[in-house]
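Structure at a glance
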Amino acid sequence: MKALKSIFVLAIVAVTVAFTTKAKDAYQIGDKVDNFTLKNIDGKMVSLNDYKDQQGVIVVFTCNHCPYSKMYEDRIIALDKKYKSKGYPVVAINPNDPAVSQGDDFDSMKERAKSKGFTFPYLFDDGQKVFPKFGATRTPHVFILKNEKKNFVLSYIGAIDDNARDASSANELYVENAVDDLLAGKSPRKTETKAIGCSIKVAK
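Rules of the game
- Residues numbered from 1 in each chain as written.
- Predicted model: local features only at pLDDT ≥ 70, side-chain atom pairs only at ≥ 80, totals over all residues.
- Heavy atoms only, no water.
- Pairing = 2+ DSSP bridges.
- Helix = DSSP H or I, 4+ residues; strand = E, 2+ residues; numbered from the N terminus.
- Axes fitted to C-alpha atoms, helices over the stretch in contact; angles between N-to-C directions.
- Contact = heavy atoms within 4.5 Å.
- Disulfide = S-S within 2.5 Å.
- Buried < 20%, exposed > 50% of the residue type's maximum accessible area, 1.4 Å probe, protein only.

Observations regarding the sheet that holds strand S8 (residues 151-158)
The seven strands lie next to each other as S2-S1-S5-S4-S3-S7-S8, forming an open sheet whose pairing is mixed. Strands at the two margins of the open sheet, each flanked by one partner only, are strand S2 (45-47) and S8. Going from strand to strand, the sheet's axes swing by 35° on average, the running direction of each strand aside. Relative to S2, strand S1 (residues 37-40) runs antiparallel, the two sharing three bridges. Of the residues in S2, the one forming a bridge with Lys39 is Met45. Lying over the sheet, helix H5 (residues 174-183) contacts strand S3 (56-61), strand S7 (141-148) and S8, oriented at roughly 5° with respect to S7.

In structure tokens form, the structure reads like this:
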């Protein structure tokens, strides 16, 4: 059993990305985020501008295959259920190139969303045009946008919490704290944290 656990840990480490510096032209805290339009798993197109009647949006770059994404799926669902009614719904985006990342194709996205009971849109970044603008480097990677007079302003970048393996042992709930602060009319107590996860897969 210990040997199996060790193999699992090594496998997780193998797909984990160390801290990666964001591209210079990627969004920074306080930047206005451009509108984007991507295909949802129901076949309909979803735009960021569709959420201009909300207080903000919790954008999560995630995928089907990454062990970290899988560990966080229930927490992402819980975030949507907790904050959608308060004006901060979740919008998930799969940034991986399915030609490089097996199991991250559109049909697999639909299957994964159905099996997990996703309560939020799960969009496909076809052509990988959106995630570079955000500076997303791993899955999962969270970007909280605050609606300021119909403009979405980037207010938080990073991890969901500080314990990927065990939600009950997390000491800091980064996303919840940030959204709670924004709902209270304050700036997030932390605007950036280190997201741990799998590298976003792009064609070489």
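Once you've had a look at it, read on.
Some remarks on the state of the cysteines
For the structure on display, the rule yields one disulfide. With its sulfur 2.1 Å from that of its partner, Cys66 forms a disulfide with Cys198. Judged by the torsion about the S-S bond (80°), the Cys66/Cys198 disulfide is right-handed. Placement of Cys66 in the loop between S3 and helix H2 (67-83) and of Cys198 in strand S9 (residues 198-199) is noted, with a sequence separation of 132 residues between them. A relative accessible area of 0% means that Cys66 is categorised as buried.

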